[in-house]
Amino acid sequence: MTMPKATVACGLERVELAPAASLFRSLADPARLAILRRLASDGPARVVDLVGALGLAQSTVSQHLACLRDCGLVSSTPAGRASVFALAQPAVVEVLAAAEKLLAATGNAVALCPRYGCADA
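Notes on the structure follow. (Residues numbered from 1 in each chain as written. Predicted model: local features only at pLDDT ≥ 70, side-chain atom pairs only at ≥ 80, totals over all residues. Heavy atoms only, no water.)

## Considerations on the nonpolar core
- Core analysis: the largest hydrophobic core is formed by 15 residues, its most contacted members being Ile35, Leu36, Leu50, Leu65 and Val74.
- Within the residue set of this core, elements represented by two or more residues are helix 2 (30-42), helix 3 (47-54), helix 4 (58-70) and helix 5 (91-106).
- If sequence neighbours within four positions are ignored, Leu65 has contacts with Ile35, Val47, Leu50, Val74 and Phe85. (Core = buried A, V, L, I, M, F, W, Y, C linked by side-chain atoms within 4.5 Å. Buried < 20%, exposed > 50% of the residue type's maximum accessible area, 1.4 Å probe, protein only. Helix = DSSP H or I, 4+ residues; strand = E, 2+ residues; numbered from the N terminus. Contact = heavy atoms within 4.5 Å.)

## Side note on the sheet that holds strand 1 (residues 45-46)
- Judged by pairing direction, the sheet is antiparallel, and its three strands sit side by side in the order 1-3-2 without closing on themselves. One side of each edge strand has no neighbouring strand; the edge strands of this open sheet are strand 1 and strand 2 (74-79).
- As defined by bridge partners, strand 1 adjoins strand 3 (residues 82-87) across two bridges and the pair is classed as antiparallel. Note on strand 3: the bridge partner recorded for Ala45 is Phe85.
- Helix 4 rests against strand 2 and strand 3 of the sheet, and its axis sits at about 115 degrees to strand 2. (Pairing = 2+ DSSP bridges. Axes fitted to C-alpha atoms, helices over the stretch in contact; angles between N-to-C directions.)

## Structural notes on the pattern of salt bridges
- Inspection of every chain in the model, using the stated rule, returns three salt bridges.
- Its salt-bridge partner being Asp42, residue Arg38 comes within 3.3 Å of it at the nearest N-O pair. Within this pair, Arg38 and its partner Asp42 are both found in helix 2, separated by four residues, close to a single helical turn. (Salt bridge = Lys/Arg side-chain N within 4 Å of Asp/Glu carboxyl O.)

## Considering the side chain of Ser26
- As for its placement among the helices and strands, Ser26 is situated in helix 1 (residues 5-26).
- What makes Ser26 buried here is its relative accessible area of 4%.

## Considering the state of the cysteines
- Taken as a whole and assessed by the stated rule, the structure comprises zero disulfides.
- Free of any disulfide, Cys71 has its nearest cysteine sulfur in Cys67, 4.3 Å distant. (Disulfide = S-S within 2.5 Å.)

## Some words on the side chain of Arg32
- Of note, Arg32 is situated in helix 2.
- Nearest to the buried, unbridged Arg32 among oppositely charged side chains is Asp29, at 4.4 Å.
- For Arg32, the side chain forms a polar contact with the side chain of His64, separated by 3.1 Å.
- Beyond its immediate sequence surroundings of up to four residues, Arg32 is in contact with Arg25, Ser26, His64, Cys67 and Leu68. (Lys, Arg positive; Asp, Glu negative; His and termini not counted. Polar contact = N/O pair within 3.5 Å; in protein donor to acceptor, adjacent residues only side chain to side chain.)

As structure tokens, then:
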């Protein structure tokens, strides 16, 4: 049995889009976005610096940094007993800026989206 061409094309498109979907999932958590924004605006930081700046628990920051490092978005450099984290990809700054521009253009539409928006918006 052969698959219709539309089904094959859709399957290939999904495979091609999978890395982009994974990238957006990595950016989908507010804590990870806050970490990336902080690193983009203030430069490299230790976990303790991010904990103080963002008001998140140390374990939360560490878990999200591990995720971002695994995704190739941040890098870490040993500094004594700590590690210093920095953006691994300068293009992250451009992605965040483009997202801010898109949010400004759509107003509250994304926040009010019944599927992905905030319940409190």
